[in-house]
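Spelled out from the first residue to the last, the chains are:
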Amino acid sequence: MFLVLGNATVDESMTVEAWPSPGQTVVVGPPRRDLGGKGANQALVLGRTGAPVRFVAAIGRDAEGDWIAARLAAEGLPESDLLRVEAATDRSMIFVNGAGENAIASTTAAACSIEPAMAAACVARLGPGDGLLMQGNLTLAATRAAFAAARQTGVRTVFNPSPVQPGFADLFALVDLLVLNEGEAAAFGGAGAPEEAAQALRRAGAGTVVLTLGGRGAVLADDAGADHVPARPVPVVDTTGAGDTFMGVLAAAVLHRGLPLRAAVAAAGAAAALTVQRQGTVSAFPSGEEIAGLL
Ligand code: ADP
């Protein structure tokens, strides 16, 4: 069993010709509404790999919360694991430019309502051999409490420290598999060539490190050393959700299917390459059938 303890958001995306400058208003086509939040995204992808998943997230007692609950239920992730909190449901505003790049602003008030004791209690229901997958949207204290509880019970831990928060590096010693992009690695001091950056993050305490490099693929580092797995050259439409697709498939491939790390990274990259060729967040994710063909 995997527990994904993270956030769920309502994503509103708009496509812009070019990024608006400060003080400028640009006219865009109709906005697109999609389910989002790194927690929800990664839980959905994990579920589509066939791995058993429980997704715990906090949403508001508002219409957006109801909308998220309905979307998750339709994906087979039950309402019973959604915590209804006083804060408004979290939202992301996403701009996508002509090159398929994105710029995102997200709220985290609902996600930050998850108290450390609550986070630890969720993990306490897991046992040895289970997996805990977290991202960077909960508070540092709640994230630490969950990983510490996992360590005590032999639960394997996967951390995607995005968005970066000060203090996350202190948690790396509690993490079996650390997955992050280049910008995040740099924020944690993993500078220089990607292979060196990944090794530096291992020295900071993480068991295995996978550093994603966008269209250049990913670098992995474990006891056997560092290695580069190139991405497939594909026509890019929208890169939103590529990292989440990568995470979900990678976690399933390593922890659930027991694939060797290099093969797992290749499968995760192939799945993410499908996502970047489609518009949207969840609606761009590969189907269960597509993922099965890659694992
Ligand atoms: P994030 O979205 O978290 O910043 P990346 O941009 O590094 O993460 O993308 C994660 C993974 O998605 C990459 O390692 C790669 O496998 C795949 N990917 C991202 N952009 C592209 C692209 N332009 N072409 C092919 N694959 C891509």
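The sections below set out a description of the structure shown in this document.

Parameters and conventions
- Residues numbered from 1 in each chain as written.
- Predicted model: local features only at pLDDT ≥ 70, side-chain atom pairs only at ≥ 80, totals over all residues.
- Heavy atoms only, no water.
- Helix = DSSP H or I, 4+ residues; strand = E, 2+ residues; numbered from the N terminus.
- Contact = heavy atoms within 4.5 Å.
- Areas by Shrake-Rupley, 256 points an atom, 1.4 Å probe, with all protein chains shown as cover.
- Lys, Arg positive; Asp, Glu negative; His and termini not counted.
- Charge placed at Lys NZ, Arg CZ, Asp CG, Glu CD.
- Buried < 20%, exposed > 50% of the residue type's maximum accessible area, 1.4 Å probe, protein only.
- Salt bridge = Lys/Arg side-chain N within 4 Å of Asp/Glu carboxyl O.
- Pairing = 2+ DSSP bridges.
- Right-handed = clockwise from strand over helix to strand, strands pointing away.
- Core = buried A, V, L, I, M, F, W, Y, C linked by side-chain atoms within 4.5 Å.
- Axes fitted to C-alpha atoms, helices over the stretch in contact; angles between N-to-C directions.
- Parallel < 35°, antiparallel > 145°, perpendicular 65-115°, else oblique.
- Left-handed = near helix turned anticlockwise from the far one by under 90°.
- Nonpolar A, V, L, I, M, F, W, Y, C, P; charged D, E, K, R; others polar.

Right, let's talk about the overall build of the protein chain for a bit. Along the backbone of the protein chain there are nine helices and 13 strands. On the principal axes, the C-alpha backbone points of the protein chain span a range of 50 × 40 × 40 Å. Contacts in the protein chain between residues far apart in sequence, at least 24 positions, make up 68% of those at least 6 positions apart. In the form shown here, the protein chain has an accessible surface area of approximately 11800 Å², with 56% of it arising from carbon and sulfur atoms. Here the protein chain contributes 20 positive and 28 negative side-chain charges, whose respective centroids are spaced 4 Å apart.

Attention now goes to the side chain of Asp 222. With respect to the element layout, Asp 222 can be found in strand 12 (residues 218–222). Arg 202 provides the closest opposite charge to the buried, salt-bridge-free Asp 222, at an N-O distance of 6.0 Å. Setting aside residues up to four positions removed in sequence, Asp 222 forms contacts with Arg 202, Thr 208 and Leu 261.

So, about the pairing of strand 8 (residues 131–134). Looking along a regular strand, one sees side chains alternate from face to face of the sheet. Burial along strand 8 is two-sided: Gly 131 and Leu 133 and Leu 132 and Met 134, pointing in opposite directions, are all buried. Sheet topology places strand 1 (residues 2–5) next to strand 8; four bridges connect them, and they run parallel. When the bridges of strand 8 are listed, Leu 3 appears paired with Leu 132. Here four bridges tie strand 8 to strand 9 (residues 156–159), and the two strands are oriented parallel to one another. Pairing of Leu 132 across the sheet is with Thr 157, part of strand 9. A crossover connection joins strand 8 to the parallel strand 9 through helix 4 (residues 140–153); in handedness this β-α-β unit is right-handed.

With 48 residues, the main nonpolar core has Leu 46, Phe 55, Leu 72, Val 210, Phe 246, Leu 250 and Val 265 as its most contacted residues. Elements with a contribution of two residues or more to this core: strand 1, helix 1 (38–48), strand 4 (53–60), helix 2 (63–74), strand 10 (177–181), strand 12, helix 7 (242–256) and helix 8 (261–275). Among residues more than four places away in sequence, those in contact with Leu 46 are Phe 2, Val 4, Ala 51, Val 53, Leu 133, Gly 248, Ala 251 and Ala 252.

Two numbers describe how helix 3 (residues 116–124) lies on helix 4: the axes approach to 8 Å, and their chain directions differ by 30°. If you check the angle between helix 3 and helix 4, you find them roughly parallel. Helix-helix and strand crossings are classified by hand; for helix 3 and helix 4 the assignment is right-handed. Of the residues in helix 4, those touching helix 3 at Pro 116, Ala 119, Ala 120 and Val 123 are Ala 141, Ala 142, Ala 145, Ala 146, Ala 149 and Ala 150. For the contact of helix 3 with helix 4, the residue count by class is ten nonpolar, no polar and no charged.

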